Amino acid sequence: MTVLVTGCAGFIGSNFIHTWFAASDEKIVNLDKLTYAGNLSNLAAFKNDPRHVFVQGDIGDAALVARLLSEHQPRAVLNFAAESHVDRSIHGPADFIHTNIVGTFHLLESVRAYWTNLGDQDKANFRFLHVSTDEVYGSLSASDAPFAETNAFEPNSPYSASKASSDHLVRAWHHTYGLPVLTTNCSNNYGPYHFPEKLIPLVIHNALAGKPLPIYGDGQQVRDWLYVQDHCRAIMRVLEAGRVGETYNIGGWNEKPNLDVVRTLCAVLDELQPRADGQSYAEQITFVKDRPGHDKRYAIDARKIERELGWKPQETFESGIAKTVRWYLDHQDWVQGVTSGSYRQWLSTQYGG
Ligand code: NAD
Ligand code: TYD
């Protein structure tokens, strides 16, 4: 059997491939456009592995997707492909509309055409799993209950609005056409292969380079953090046993203000790779201008996936962060490889050189 996954040269997708092949020999056809966020070095372990077929292309390329579906006859399509960085969506929302909304629409249409022509048994067993974010629910105040699957969508950034739109399309393709869909909405992930534009890998990278650790505003914004492989295991579980048409929130019950996350990273780095001058990396913390429209708090109520599918995170924040910092220390060559000219250009756009 085969699954077609999109966007698996990126952070979560590449971790998904590692997690999948640790548990299964089922073939993955990986369709990825290789934007700045896609790195085949994340998948170097599977370069000559017949279980992994890599195809460079766009989820919105209907002819290509139709050919891949017809050739490989997958039993499921998992959609990880997206533009995923809030700050980039503020500087340039067009790519987010193109991939997250229009691309998902074309992918749904290609998959619907394929699924419609399957035999009865294959049709009933087929799944389209859409990977999404908790950011579609908007922002919570300190006293609000965590996001449940029944919360209304109130997205605030171009990124979250584009993901919310794609979630709505997926829902509609189920209700209107009967496409057997599953949607997951997960909190902030961290772990290996995380591109150093996001908070945790950026802070590790800047700390080791002796650069400022930029905290937006007062650093009191709260995110729920989940180790990426726990997210990947949840997706596998939803694919295996999730109820068709349902949405599953995934989170780590791990709410932390940004400043605490950065202080924790500094403390782990102080222990594993102390600064030459004996000072703490926390000395490099620098408060910078806040993100426009910055969401104050995200938190996930993960009881549905725990109750219905028996999933629970395996890592605590402490164990996950320690593993992550160690991974970055051991993979500085990977970091060098992805922090190319275009990365430096982004730093200059966002942080002013
Ligand atoms: P990422 O930016 O690291 O990777 C995205 C991947 O998609 C890249 O490999 C890129 O080349 C590919 N891609 C982009 N546009 C494409 C297109 N048009 N066609 C084909 N491939 C394309 O993102 P990520 O952090 O791995 O996130 C993966 C998914 O999980 C996204 O849908 C994101 O919204 C969702 N998500 C992310 C987080 C998080 O904390 N990172 C949390 C919850 C949900
Ligand atoms: P990020 O990793 O971009 O994820 P998201 O915006 O999708 O939650 O940011 C996580 C939090 O860290 C968010 O509140 C913004 C904040 N942040 C900083 O304070 N400084 C930074 O340099 C970055 C990239 C993020």
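Let me sum up the structure you'll find in this document.

Definitions and cut-offs
Residues numbered from 1 in each chain as written. Chains lettered and ligands numbered in written order. Predicted model: local features only at pLDDT ≥ 70, side-chain atom pairs only at ≥ 80, totals over all residues. Heavy atoms only, no water. Phe/Tyr/Trp six-rings, centres within 6.5 Å; stacked < 30°, edge-to-face > 60°. Lys NZ or Arg CZ within 6 Å of the ring centre and 35° of its normal. Near = heavy atom within 4 Å. Polar contact = N/O pair within 3.5 Å; in protein donor to acceptor, adjacent residues only side chain to side chain. Areas by Shrake-Rupley, 256 points an atom, 1.4 Å probe, with all protein chains shown as cover. Helix = DSSP H or I, 4+ residues; strand = E, 2+ residues; numbered from the N terminus. Nonpolar A, V, L, I, M, F, W, Y, C, P; charged D, E, K, R; others polar. Core = buried A, V, L, I, M, F, W, Y, C linked by side-chain atoms within 4.5 Å. Buried < 20%, exposed > 50% of the residue type's maximum accessible area, 1.4 Å probe, protein only. Contact = heavy atoms within 4.5 Å. Pairing = 2+ DSSP bridges. Axes fitted to C-alpha atoms, helices over the stretch in contact; angles between N-to-C directions.

## What to know about the packing of aromatic side chains
Summed over the entire model, instances satisfying the criterion amount to 21 aromatic pairs. Counting every residue linked through ring pairs, the aromatic cluster contains Tyr-137, Phe-147, Phe-153 and Tyr-298. A cation over a ring is seen here: Arg-51 above Phe-21, with NZ or CZ 4.2 Å from the ring centre.

## With respect to the site of ligand 2
In the neighbourhood of ligand 2, 18 residues make up the surrounding shell, with Glu-135, Pro-214, Arg-291, His-294 and Tyr-351 lying closest. Between ligand 2 and the protein, one listed contact pairs an oxygen atom with a side-chain N or O atom of Asn-258 at 2.9 Å. One of the side-chain nitrogen or oxygen atoms of Tyr-351 is found 2.6 Å away from an oxygen atom of ligand 2. Burial of ligand 2 by the surrounding chains reaches 97%, relative to a free accessible area of 510 Å². If you list the elements that add at least two residues to the shell around ligand 2, you get helix 7 (199-208) and strand 8 (213-216). Among the elements that take part in the shell around ligand 2, strand 8 stands out by supplying 3 residues, more than any other. For the shell around ligand 2, the class distribution of residues is 8 nonpolar, 5 polar and 5 charged.

## Considerations on the nonpolar core
Counting 34 residues, the largest nonpolar core has Phe-16, Trp-20, Ile-28, Leu-78, Phe-80, Leu-129 and Ile-305 as its most contacted members. If you list the elements that add at least two residues to this core, you get strand 1 (2-6), helix 1 (11-23), strand 4 (76-79), strand 5 (127-133), strand 6 (181-186), helix 8 (228-241), strand 10 (247-250) and helix 10 (303-309). Examining the composition of this core, we find that 7 residues originate from one element, helix 8, more than from any other. Excluding residues within four positions of it along the chain, Leu-129 makes contact with Val-77, Leu-78, Asn-79, Leu-182, Thr-184, Ile-235, Val-238 and Leu-239. One finds Leu-202, Leu-269, Ile-285 and Leu-347 within the second-largest nonpolar core, a separate group that totals 33 residues.

## A short note on the sheet that holds strand 11 (residues 255-257)
In spatial order, the strands read 7-9-11; together these 3 strands make up an open sheet with mixed pairing. Only two strands of the sheet have a single neighbouring strand rather than two, namely strand 7 (188-190) and strand 11. The sheet shows a mean angle of 50° between the axes of neighbouring strands, taken without regard to direction. With 3 bridges connecting them, strand 7 and strand 9 (residues 222-227) associate as parallel partners. Across the sheet, residue Asn-189 finds its bridge partner in strand 9, namely Leu-226.

By themselves these figures say nothing about function.
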